[in-house]
Amino acid sequence: ANGDPAYYLKRQAVYAGLGLVLMVVLSRVDFRALRALAPALVVTSIGLLLAVLVLGRAANGARRWISFGPAAFQPSELAKVALAVWAAAYLARRRPPRTLGELWRPMGFLTVVVCGLILLEPDLGTAIGIVVMLAAMLLVAGTPPRTLAAGVGIAGALGLVAVWLEPYRRARLFSFLNPWQDAQGAGFQTVQAMIGLGSGGIFGVGLGQSVQKTNYLPEAHTDMIFAIIGEELGLLGATAVIGAYVAFAYAALRVALRCRDPFGKRLAAGLTALVCGQALVNLAAVLGLAPLTGITLPFVSYGGSSLVVSLAAVGVLLNIAVDDRRARASVPDRSRG
């Protein structure tokens, strides 16, 4: 871009630096401080989601970014974290919803408002990620599986309606069922991703040697970056990336399950589901196991807002883990005293 082959690398490095600073700060600030900020975060994120529909920069038929000079911010990324913090605070002080009526007020209503605004951008992938995150938090909090399944089923039905009302989403759904039927149209991205993954073999064609990213595979640096990893680093590289997400999920879920603080437990579960659920949806789409949703691969895809928010989530998880370890270490001291 702009005649500079390292353009994306330089911009991503700036966002990575900002994200790492935020991660270190949040790993040292008591996570309980976020609880008081929950209402303000939700109100701010809803305001920004409304603003982006009017003031947002249009790209590829969507309005998802608010520009500040050379930088751009995606309000839906803040909305994900805001909902995670708010839901954790709500579920920590009240018993978990046991019926659809309890699930609707207020969590279901707020989810519909936030996801509805995100769908207007349009951005179906982020809306799916939010539903997955909240479902994980409700499960950890103790919502009966039957009630949770009914709620997710209703959300899925609303999602299908959103898909059916948008012609391009309908085309993506049908192309997912048989991408080769329209390999030069709706199925182009999926077919090119499969070609990239297949041509990598076991060891790949070599770092930086991808053919697909040179005007063959659309969104090669964002949504479809895993296909390029498979092409350049082969089956071994692709497996290593998936293994890294599995290791992250294991470590983060361990933090959530071991945490004794109700707010911390639910927040850790939500942040884990946020990162890993997004990764799962992206990988499934690139591998042709699910329709394309436009969702990025956390920590790997190009995208400043996503990287900063993901690193911030890691900082909060680290803080919860350290706090719980200190709490456990202090128990024997109190018993001896």
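Residues numbered from 1 in each chain as written. Predicted model: local features only at pLDDT ≥ 70, side-chain atom pairs only at ≥ 80, totals over all residues. Heavy atoms only, no water.

*Asks:* What is the right way to look at the pattern of salt bridges in this model?
*Replies:* Two side chains with opposite charge may pair up if their charged atoms get near one another. This structure, assessed with the given rule, holds seven salt bridges. Here D30 makes a salt bridge to R32, at a shortest N to O gap of 2.9 Å. By relative accessible area, which is 39% here, D30 ends up partly exposed. According to the relative accessible area criterion, R32 is partly exposed, its value standing at 34%. E102 is the salt-bridge partner of R95, the closest N and O atoms lying 2.9 Å from each other. What makes R95 exposed here is its relative accessible area of 51%. Taken together, the shared-partner salt bridges in this structure form one network comprising D30, R32, D261 and D323. (Salt bridge = Lys/Arg side-chain N within 4 Å of Asp/Glu carboxyl O. Buried < 20%, exposed > 50% of the residue type's maximum accessible area, 1.4 Å probe, protein only.)

*Asks:* Could you clarify how one ought to interpret the pairing of strand β2 (residues 62-68) in this entry?
*Replies:* The side chains of a regular strand alternate between both faces of the sheet. Note that strand β1 (residues 57-59) and β2 share three bridges and pair antiparallel. Paired with R57 across the strands is W65, a residue of β2. Across three bridges, the pairing between β2 and strand β3 (residues 71-73) is antiparallel. Across the sheet, F68 pairs through a bridge with A71, a residue of β3. (Pairing = 2+ DSSP bridges. Helix = DSSP H or I, 4+ residues; strand = E, 2+ residues; numbered from the N terminus.)

*Asks:* How should I be thinking about the layout of surface pockets in this particular structure?
*Replies:* Rolled over the atoms, a probe sized like a water molecule indicates the empty space that remains. Roughly 630 Å³ of volume is contained in the second largest pocket. Lining the second largest pocket are 18 residues; nearest its centre among them are Y8, K213, H221, I225 and Y302. At the level of secondary structure, the elements contributing two or more residues to the lining of the second largest pocket comprise α1 (7-28) and α9 (225-258). The class makeup of the residues in the lining of the second largest pocket is 13 nonpolar, three polar and two charged. (1 Å grid on protein atoms, 1.4 Å probe; cavity = no way out; pocket = protein on both sides within 12 Å on 5 of 7 lines; lining within 4 Å. Points joined across faces, edges and corners; volume = space filled by probe spheres on them. Nonpolar A, V, L, I, M, F, W, Y, C, P; charged D, E, K, R; others polar.)

*Asks:* Honestly, the sheet that holds β2 in this entry has me stumped. Any pointers?
*Replies:* To summarise the sheet geometry, strands pair through backbone hydrogen bonds and adopt either a parallel or an antiparallel arrangement. Spatially, the three strands line up as an open sheet ordered β1-β2-β3, and their pairing is antiparallel. The strands lining the two open edges of the sheet, one partner per strand, are β1 and β3. This sheet shows a mean twist of 45 degrees between the axes of neighbouring strands, independent of strand direction. Contacts from helix α2 (residues 33-55) reach β1, β2 and β3, with the element oriented near 95 degrees to β2. (Axes fitted to C-alpha atoms, helices over the stretch in contact; angles between N-to-C directions. Contact = heavy atoms within 4.5 Å.)

*Asks:* Sorry, what's going on with α9 here?
*Replies:* Spacing of three or four residues puts side chains on the same side of an α-helix, whose turn is 3.6 residues. Here α9 is 34 residues long, yet its end C-alpha atoms lie only 34 Å apart, well below the 50 Å a rise of 1.5 Å per residue gives. At G234, α9 shows its largest kink, close to 130 degrees. (Expected span 1.5 Å × (residues − 1). Bend = angle between axes of the 7 residues up to and from the residue.)

*Asks:* Looking at this structure, how should I read the packing of aromatic side chains?
*Replies:* Between two aromatic rings, the relevant description is the distance of the centres plus the angle of the planes. Summed over the entire model, instances satisfying the criterion amount to six aromatic pairs. Measuring from centroid to centroid gives 4.8 Å for Y8 and Y302, while their planes differ by 70 degrees, and the two rings are edge-to-face. Note that Y8 is positioned in helix α1 and Y302 in the loop between α10 (262-286) and α11 (304-336), a separation of 294 residues in sequence. Considering the side-chain rings of F31 and F263, the 6.1 Å spacing of their centres and the 15 degrees angle between planes classify their relative orientation as stacked. Pair noted here: F31 is in the loop between α1 and α2 and F263 is in helix α10, with a separation of 232 residues, a long-range link. (Phe/Tyr/Trp six-rings, centres within 6.5 Å; stacked < 30°, edge-to-face > 60°.)

*Asks:* Mind showing me how you'd approach a nonpolar patch on the surface here?
*Replies:* Together, L100, W104, F109, V112, I154 and L158 make up an exposed nonpolar region whose accessible area comes to about 570 Å². Elements represented by at least two residues in the nonpolar patch include exactly α4 (100-119) and α6 (145-165). Among the elements that line the nonpolar patch, the one with the most residues is α4, at four residues. Following the sequence through the fold, F109 ends up in helix α4. Residue F109 is classed as partly exposed on the basis of its relative accessible area, which comes to 49%. (Patch = residues over 30% accessible without salt bridge, like charges linked within 9 Å, V, L, I, M, F, W, Y side chains within 5 Å. Areas by Shrake-Rupley, 256 points an atom, 1.4 Å probe, with all protein chains shown as cover.)

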